[in-house]
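Single-letter residue listing:
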Amino acid sequence: MAKHTVTLIPGDGIGPELTTAMTRVVEATGVDIEWEVAEAGADVMDKYGTPLPEHVLESVRKNKVAIKGPITTPVGTGFRSVNVALRKELDLYACLRPAFSIPGNGSRYEDIDLVIVRENTEDLYAGIEFEQGSEGAADLIKFAADHGAGTIRPDSGLSLKPISISGTQRIVRHAFDYAIANGRKKVTAVHKANILKMSDGLFLKVAREVAEEYADSGIEFDDYIVDATCMQLVLHPEWWDVLVMPNLYGDILSDLSAGLIGGLGIAPGANIGDECALFEPVHGSAPKYAGKDLANPTAEILSAMLMLRHLGETDAADRVLDAVRTVIGEGERVTYDIKRSRFGTTEGSVGTQAYADALIEHL
Ligand code: NAD
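Quantities reported herein were computed from a predicted structural model and do not represent experimental measurements. (Residues numbered from 1 in each chain as written. Predicted model: local features only at pLDDT ≥ 70, side-chain atom pairs only at ≥ 80, totals over all residues. Heavy atoms only, no water.)

1. Some points on the overall build of the protein
Definition in use: Segments assigned H or I by DSSP are reported as helices when at least four residues long, segments assigned E as strands when at least two residues long, and all are numbered from the N terminus. Here the globule rule reads 2.2 Å times residues to the power 0.38, and the radius of gyration is calculated from C-alpha atoms. Each residue gets one of three labels from its accessible area relative to the maximum for its type: buried under 20%, exposed over 50%, partly exposed in between, using a 1.4 Å probe on protein chains only. Any pair of residues with heavy atoms lying within 4.5 Å of one another is described as a contacting pair. Only the protein chains shown count as cover for residues, with accessible areas throughout obtained via the Shrake-Rupley method and a probe of 1.4 Å. Think of it this way: Lys and Arg go in the positive column, Asp and Glu in the negative one, and His and the chain ends go nowhere. Every charge is mapped to an atom, namely NZ of Lys, CZ of Arg, CG of Asp or CD of Glu.
The helix and strand tally for the protein stands at 13 helices and 12 strands. The C-alpha radius of gyration computed for the protein amounts to 21 Å, which stays within 12% of the reference 21 Å derived for 363 residues, consistent with globular compactness. Overall, the C-alpha framework of the protein stretches about 65 × 50 × 45 Å when taken along its three principal axes. Counting only residues that meet the buried cut, the protein has 50% of its 363 residues in that class. Counting contacts in the protein only where the partners sit at least 6 residues apart, residues at least 24 apart contribute 74% of the total. If you sum the accessible surface of the protein, you get close to 16300 Å²; carbon and sulfur atoms cover 52% of it. In the protein, which carries 34 positive and 54 negative side-chain charges, the distance between the mean positions of the two groups comes to 2 Å.

This is how it looks when you write it as structure tokens:
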């Protein structure tokens, strides 16, 4: 039996080619991993009647560790996001998105090393919405008026923003525990508590209480308003360390951070709960590049690097990261996006699998 069994969800769009590159690199480190492949997304709808069949969830629950490629979400109509459903069903409440500079990738900045810790289950992403014109929307509009909460235009659609004490406690504790385990110095809570007093105000109050619990940990704590954070991230990206925040700000700031380090092609992520962990890149399925062997698999491969650390395979994780730094640093056998940002032309770029070959040679 292999030392580790990991659920592999290839996804769709560029997902399958990226996960192929990723498994090749991970296997080349010599780590003893067996992949239990579980398909999800639009392509399995016909066969199972759902984009997220129960056996996929069972596989992750059993193995406790999973890695996936991106999965397309139809816009406007069709099923809700499989990615969001996976996080919800498995209660993967902490979304970790490290953003660190990889010299030579053509990004505007160097020396960035920050981590976005995004709450993954509540806030405006809870999925509690009332369609414009529906009975529910009318009831809620009347309820708000009856309780003196304010007037809402009758032709409004509504999305609720629930933030709880327990949800905030566990995400802020997760941020502190991560900071301690990874030799970090500071945790910053990001919010809009000056305006959203009942939701973000509660988030900030609870974050401060949790910070008190960690007063002796040596980890500093402060807080920042989300708009000011955006400006300071762009002005001084090297200032930041661990940032913990509600779901929506986390979604936006992790893309902003991906931009700071040179783009979505290199930004990895992890979704972590008390039972299971699911690793995936920040980017989506980029359908226009699907099946063309063009997309950059670095984000998928660095997500596997995070997974290897989670599995205790530190040496293999370090070797993967070193190989990425070396191959991107040399700037020869890299994908089109890195060639373009570094040299202003895609000329001489290599495909997804050829880049993986270069990494394997440098492991
Ligand atoms: P996207 O991240 O798929 O692509 C945006 C652009 O970023 C691409 O056109 C491409 O130029 C670039 N890009 C992304 N990944 C790249 C890579 N690996 N290499 C090189 N360039 C890359 O975002 P989108 O177009 O907004 O979304 C497409 C689909 O993906 C949607 O259906 C969306 O719902 C889904 N999505 C899934 C996830 C996930 O699986 N977790 C995350 C985000 C979006």
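2. Structural notes on the pairing of strand 9 (residues 220-225)
Here is the rule we go by: Paired strands, in this sense, are two strands between which DSSP finds at least two bridges. Convention used here: a crossover is right-handed provided that the path from the first strand, over the helix, to the second strand proceeds clockwise when the strands point away from the viewer.
Inspection of the sheet shows strand 8 (residues 186-191) paired to strand 9 by 6 bridges, in the parallel sense. Each residue of the ladder has a partner; that of K186, found in strand 9, is E220. On the question of chirality, the crossover connecting strand 8 to the parallel strand 9 by way of helix 7 (residues 200-213) is right-handed.

3. Looking at helix 5 (residues 135-146)
Put simply, the test is: Multiplying 1.5 Å by the helix residue count minus one yields the expected span of that helix. To obtain the arc, one takes the directions from the helix axis to the C-beta atoms.
Look at helix 5: 16 Å from first C-alpha to last across 12 residues, which is about the 16 Å you get at 1.5 Å a residue. Listed as buried for helix 5 are A137, I141 and A144. The arc that holds the buried residues of helix 5, viewed along the axis, is 65 degrees, so those residues lie on one side. Among the exposed residues of helix 5, those pointing more than 90 degrees away from its buried face are E135, K142 and D146. Buried positions along helix 5 lie against strand 6 (129-130) and strand 7 (158-159). Looking one or two residues past helix 5, G148 carries a phi angle of roughly 65 degrees, positive in sign.

4. A word on the side chain of N83
Let me state the cut-off plainly: We call two N or O atoms a polar contact when they sit within 3.5 Å, provided that within protein one can donate a hydrogen and the other can accept it, with sequence-adjacent residues counted only if both atoms are side-chain atoms.
With respect to the helices, strands and loops of the structure, N83 is situated in helix 4 (residues 82-89). Overall, the relative accessible area of 11% leaves N83 in the buried class. Reaching out from N83, the side chain makes a polar contact with the side chain of K68 at a distance of 2.6 Å. The residues touching N83, leaving out its near neighbours within four places in the chain, are K68, I71, T73 and E280.

5. Focus on the packing of aromatic side chains
We apply this condition: The criterion for an aromatic pair is that two Phe, Tyr or Trp rings (for Trp, the six-membered ring) have centres within 6.5 Å, with stacked assigned to planes under 30 degrees apart, edge-to-face to planes over 60 apart and tilted to the rest.
Within the structure shown, the criterion is met by 4 aromatic pairs. Taking 5.1 Å as the distance between ring centres and 80 degrees as the angle between the ring planes, the aromatic pair formed by Y224 and W240 counts as edge-to-face. Here Y224 is found in strand 9, whereas its partner W240 is found in the loop between helix 8 (226-235) and strand 10 (242-245), with 16 residues between them in sequence. Overall, the relative accessible area of 25% leaves Y224 in the partly exposed class. Following the ring pairs from residue to residue traces out a cluster consisting of F176, Y214 and F221.

6. Some thoughts on unusual backbone geometry
The residue D91 is not glycine, and still its phi comes out positive at about 50 degrees. For D91, a relative accessible area of 34% gives the class partly exposed. We note that A286 has phi near 30 degrees; this positive angle belongs to a residue other than glycine. If you trace the backbone, A286 turns up in the loop between strand 12 (277-279) and helix 10 (298-310).

7. Some details on the sheet that holds strand 10
Think of a sheet as strands paired side by side through backbone hydrogen bonds, with each pair either parallel or antiparallel. The condition that has to hold: The axes are straight lines fitted to the C-alpha atoms, using for helices just the contacting stretch, and the angles between their N-to-C directions are given from 0 to 180°.
Taken in spatial order, the 10 strands make up an open sheet running 2-1-3-12-11-4-5-10-8-9, and their pairing is mixed. For this open sheet the edge positions go to strand 2 (33-37) and strand 9, each flanked by a neighbour on one side alone. With direction set aside, neighbouring strand axes in the sheet form an average angle of 25 degrees. Sheet analysis places strand 4 (residues 94-100) next to strand 11 (residues 270-272), joined by 3 bridges and oriented antiparallel. Of the residues in strand 11, the one forming a bridge with L96 is A270. Along the sheet, helix 1 (residues 15-28) makes contact with strand 1 (4-9), strand 2 and strand 3 (65-68), crossing strand 2 at roughly 160 degrees.

8. Points about the site of the ligand
Let me state the cut-off plainly: What makes a residue near a molecule or strand is one non-hydrogen atom of that residue sitting within 4 Å of it. Put simply, Ala, Val, Leu, Ile, Met, Phe, Trp, Tyr, Cys and Pro go in the nonpolar bin, Asp, Glu, Lys and Arg in the charged bin, and everything else, Gly too, in the polar bin.
Surveying the vicinity of the ligand reveals 22 residues, the closest of which are I71, T73, G284, A286 and N296. Contact between the ligand and S285: an oxygen atom at 3.0 Å from a main-chain N or O atom of the residue. When the free accessible area of the ligand is taken as 810 Å², the share hidden by the protein chains comes to 70%. Listed by contribution, the elements that provide at least two residues to the shell around the ligand are helix 4 and helix 12 (336-343). Its residues assigned to classes, the shell around the ligand shows 10 nonpolar, 7 polar and 5 charged.

The values reported here are purely geometric and, on their own, carry no functional implication.
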